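Overview (structure and organization)
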Amino acid sequence: MCGIVGYTGFQDAYEVVINGLRRLEYRGYDSAGIVLDRENASFDVAKTKGKVDDLVAVSENLSGKSHVGMGHTRWATHGVPSDRNSHPHLSNNGKIALVHNGIIENYDTIKIMLTEKGFTFQSETDTEVLVNLIQFFMDMDASLDFPTAVRFALNEVYGAYAITVMHDDFPGVLVVARLGSPLAIGLGTNEYFIASDASPFVEFTKEAVYLEEGHMATISLEKGVDIRTIKDNEKIVPQVQELKLSLEQIEKGGYEHFMLKEIFEQPKSIHDTLRGRLLVEEGIIKMAGIWDHLDRINKAQKITIIACGTSWHAGLIGEYLIEEFARIPVEVEYASEFRYRNPIITENDVVIAISQSGETADTMAALKMAKDKGAFIYGICNVVDSSIARITDAGSYTHAGPEIGVASTKAFTAQLTVLSLIALKLGKHKGNLSNQEFMRLITELEAIPKKVEEVLEKTHDITKEIAKDFVNAQNFLYLGRGYNFPAALEGALKLKEISYIHAEGYPAAEMKHGPIALIDENMPIVIIAPKQGHYDKIVSNVQEIKARKGKIIALVNKGDTQVSSMADYVIEFPETSECFSPIVASVPLQLLSYYIAVYRGANVDQPRNLAKSVTVE
Ligand code: M6R
């Protein structure tokens, strides 16, 4: 999960690449590098540990020098973040430069072979092995052209990759390839762009080709874009797509951080998720993905939801929703576990994959495994045309818009919205929900964007104030029951990801089976206590915490008195049915984490060690 940008055209390649890397920094930000190609000169290379700003500091002199180049922003897999391990990597003869996103799994064996042939290595990376393998093929056969040598090398490696390669003797030519990691080619007028997603070139062109799995392309101003299969060199006709992305969507729009912007976008993103699907006046839910497969899904023996991280938390809420309304047994699995055990999946099963990026390697691998076992595969993705979206049998996009902050916010609430629609649709179709109950629930669901707007307005200042008191906290507990237990898990994940405070989520009733031992006057406990949803039981939990002097931050519905009277801090959110309350309750939890992290001086949008899409294991 690194970011790749490439350019050939008439503009200053340095500017295009650096600006593009800034947009892709969400994909990795422990080091960055750039290489430029000038006719009759060897490559200009600059790379450094650190962020794109650090790269600019060591490379500004390259500005205005070339019209061809590529760059990389890294999330380390092989080798620590360092100048040496940063991309681009050059071949031993200095003629080939390569940037890479992914992992070459058999790099060790190839490295041994190349070392025996006299190659030397400057870095600990798998990438440097690949670039030297290309040189090896060209050394072996002087008549071999550059793209063919790349193809030969790729046929020797296995793993996951998106790469861009340049050769000093082939000025203006960029060779790209993809297996498991995304790569888009922007088609401008007299210029071509390459990037891990379309954001680096959206202001220059709206036409793009998304490279398919197992394909490579040779790109030059003279010959255009020539796409081939990596395996057999078969020519492929490019499928040009029109980009829907706008520049505005990928900029901060006056907010200090993308995360804050994305938190505030939620009334709109949830509305967009519902738009055209929830037709309250007609009393229907219209979802193309589900509609065509209703019988298949409703007859499922079991639904397995696979996901990672925040998407896994959404999956847990999906389990509650689907079991409650559709009465189909649901299991929720970490994709990383599912793929390496021997789960019982048959052709009577439905597997739902949830992924914001649609690129998460574990989720992708788990899906492929379930597909091989004959299950019907349904995807819930945010990124249109992502790898996961493409391999599913059917699916629903979340339509949350680009999410750039590494900590997921609006994608999570959009996932919950889609899961609510699916569960209600299935429940209605199966006859589990009366017309009246269905109408009540969909009317409430329609009101959620307004409630989220209200909660943003009413809790922004208070969460900001509360956050000040917890800047130095070492630990946090998050508790919830029923639908709000996964919301507590998600609240804890948000806090630990961006503030680095240790935080754990628990079902409130489980507290007495262990975590209660941690409670004293120094332990902040966030408890989600809506009116609808085991309120009396929560009251008892709050009393138990109070008796042990824990610091209680209670999320309650407007007008609450009982829990509020015992809490040290109170955050009110609008009442809704229990099944939709995680959507509304998550918003102040996101704000609380955000402000604690900001006051601690953390880099909220690019938390340490994390990256937005995890395209490696
Ligand atoms: O793109 P995905 O939804 O598949 O990503 C899954 C997780 O990597 C992701 O949710 C991660 O936990 C986020 N950093 C959460 O904020």
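Since the model is a prediction, treat every value here as computed from it, not as a measurement.

1. Regarding the site of the ligand
Contacts to the ligand come from 14 residues, most closely from S311, S355, S357, T360 and E497. In this structure, an oxygen atom belonging to the ligand sits 2.6 Å away from a side-chain N or O atom of S311. The side chain of E497 places a nitrogen or oxygen atom 2.4 Å from a nitrogen atom of the ligand. Burial of the ligand by the surrounding chains reaches 92%, relative to a free accessible area of 410 Å². Given that more than half its atoms are within 2 Å of the pocket grid, the ligand belongs to the second largest pocket. Broken down by secondary-structure element, the contributors of at least two residues to the shell around the ligand are α10 (309-325) and α17 (484-499). By residue number, the principal contributor to the shell around the ligand is α10, which donates 3 residues.

2. Re the side chain of H460
The residue H460 is located in helix α16 (residues 448-468) in this model. Apart from the residues within four sequence positions on either side, H460 is in contact with F264, V455, L591 and Y595.

3. Observations regarding the pattern of salt bridges
The final tally for this structure, using the stated rule, is 27 salt bridges. Residues R22 and D53 are paired through a salt bridge, measuring 2.6 Å at the closest nitrogen-oxygen approach. Here R22 is found in helix α1 (residues 13-24), whereas its partner D53 is found in helix α2 (residues 52-59), with 31 residues between them in sequence. For K302, the salt bridge identified is with D349, shortest N-O distance 3.2 Å. Here D349 lies in the loop between α11 (335-338) and β20 (350-355) and K302 lies in the loop between α9 (294-298) and β18 (303-307), a separation of 47 residues in the sequence. As far as burial versus exposure is concerned, K302 and D349 are alike and both buried. Here the residues in one salt-bridge network are D226, R228 and K235, joined through shared partners.

4. Digging into the packing of aromatic side chains
Under the criterion given, the structure shown has 14 aromatic pairs. Consider the rings of Y594 and Y595, whose centres lie 4.8 Å apart with planes at 80 degrees: the pair is edge-to-face. Exposure remark for Y594: the relative accessible area of 1% places this residue in the buried category. Site record: aromatic cluster; members linked through ring pairs are Y7, F193, F201 and F204. Positioned above the aromatic ring of Y535, the side-chain terminus of K531 is 3.8 Å from the ring centre.

5. A closer look at empty space enclosed by the protein
Counted under the stated rule, the structure contains 1 cavity of 30 Å³ or more. Approximately 70 Å³ is the volume found for the largest cavity. Around the largest cavity, the lining comprises 13 residues; the ones closest to its centre are C2, R74, T77, H87 and G102. Per element, the largest residue contribution to the lining of the largest cavity is 3 residues, and it comes from strand β6 (residues 96-104). Of the residues belonging to the lining of the largest cavity, the class tally is 3 nonpolar, 8 polar and 2 charged.

6. Focus: the nonpolar core
One finds I303, L424, F476 and Y478 to be the most contacted residues of the largest nonpolar core, which totals 91 residues. Here the element with the most residues in this core is helix α20 (residues 581-599); it accounts for 11 residues. Those residues in contact with L424, other than ones at most four positions away along the chain, are I285, F325, L433, F438, L441, I442, L445 and F580. Formed by 31 residues, the second largest nonpolar core is a distinct cluster that contains Y107, F119, F136 and V175.

7. Some thoughts on the pairing of strand β26 (residues 551-557)
Most of β26 sits out of view: 6 of its 7 residues are buried. In terms of strand pairing, strand β25 (residues 524-529) meets β26 through 6 bridges, oriented parallel. Along β26, the bridge assignment pairs I525 with I552. Each parallel crossover has a hand, and for β25 linked through helix α18 (residues 535-547) to β26 it is right-handed. Strand direction decides the pairing type here: β26 and strand β27 (residues 569-573), joined by 5 bridges, are parallel. Looking across to β27, one finds that L555 is bridged to I571.

8. Describing unusual backbone geometry
For residues other than glycine, phi is negative in most cases, and the peptide bonds are mostly trans. Residue P88 is reached from H87 by a cis peptide bond, and omega for that bond is 5 degrees. Although it is not a glycine, N233 sits at a positive phi angle of roughly 60 degrees. Here N233 is to be found in the loop between β13 (224-229) and β14 (235-236). Here Y500, not a glycine, exhibits a phi torsion of approximately 65 degrees, which is positive. In this structure, Y500 sits in the loop between α17 and β24 (502-507).

9. Section: the side chain of K612
Here K612 lies in the segment after α20. Judged by relative accessible area, which is 12%, K612 ranks as buried. A polar contact of 2.6 Å, which involves the side chain of K612, links it to the side chain of E403. In this structure the side chain of K612 is engaged in a polar contact, spanning 2.8 Å, whose partner is the backbone oxygen of G405. The residues touching K612, leaving out its near neighbours within four places in the chain, are Y26, R27, Q356, E403, I404, G405, V406, A407 and S408.

10. Some words on the layout of surface pockets
Of the volumes computed, that of the largest pocket is approximately 1200 Å³. Counting only elements with at least two residues in the lining of the largest pocket, the list comes to β15 (240-242), α7 (266-274) and α13 (387-391). At 3 residues, the largest contribution of residues to the lining of the largest pocket is made by α7. Its residues assigned to classes, the lining of the largest pocket comprises 14 nonpolar, 13 polar and 18 charged. When its volume is computed, the second largest pocket comes out at roughly 720 Å³. Lining of the second largest pocket is provided by 37 residues; of these, C308, G309, T310, E497 and V614 occupy positions nearest its centre. Broken down by secondary-structure element, the contributors of at least two residues to the lining of the second largest pocket are α10, β20, α12 (361-372), α17 and β24. In terms of residue count, α17 provides more of the lining of the second largest pocket than any other element does, 6 residues in total. Class assignment for the residues of the lining of the second largest pocket results in 16 nonpolar, 13 polar and 8 charged.

Reading the values: the criteria
- Residues numbered from 1 in each chain as written.
- Predicted model: local features only at pLDDT ≥ 70, side-chain atom pairs only at ≥ 80, totals over all residues.
- Heavy atoms only, no water.
- Near = heavy atom within 4 Å.
- Polar contact = N/O pair within 3.5 Å; in protein donor to acceptor, adjacent residues only side chain to side chain.
- Areas by Shrake-Rupley, 256 points an atom, 1.4 Å probe, with all protein chains shown as cover.
- 1 Å grid on protein atoms, 1.4 Å probe; cavity = no way out; pocket = protein on both sides within 12 Å on 5 of 7 lines; lining within 4 Å.
- Sits in = over half its atoms within 2 Å of the grid points.
- Helix = DSSP H or I, 4+ residues; strand = E, 2+ residues; numbered from the N terminus.
- Contact = heavy atoms within 4.5 Å.
- Salt bridge = Lys/Arg side-chain N within 4 Å of Asp/Glu carboxyl O.
- Buried < 20%, exposed > 50% of the residue type's maximum accessible area, 1.4 Å probe, protein only.
- Phe/Tyr/Trp six-rings, centres within 6.5 Å; stacked < 30°, edge-to-face > 60°.
- Lys NZ or Arg CZ within 6 Å of the ring centre and 35° of its normal.
- Points joined across faces, edges and corners; volume = space filled by probe spheres on them.
- Nonpolar A, V, L, I, M, F, W, Y, C, P; charged D, E, K, R; others polar.
- Core = buried A, V, L, I, M, F, W, Y, C linked by side-chain atoms within 4.5 Å.
- Pairing = 2+ DSSP bridges.
- Right-handed = clockwise from strand over helix to strand, strands pointing away.

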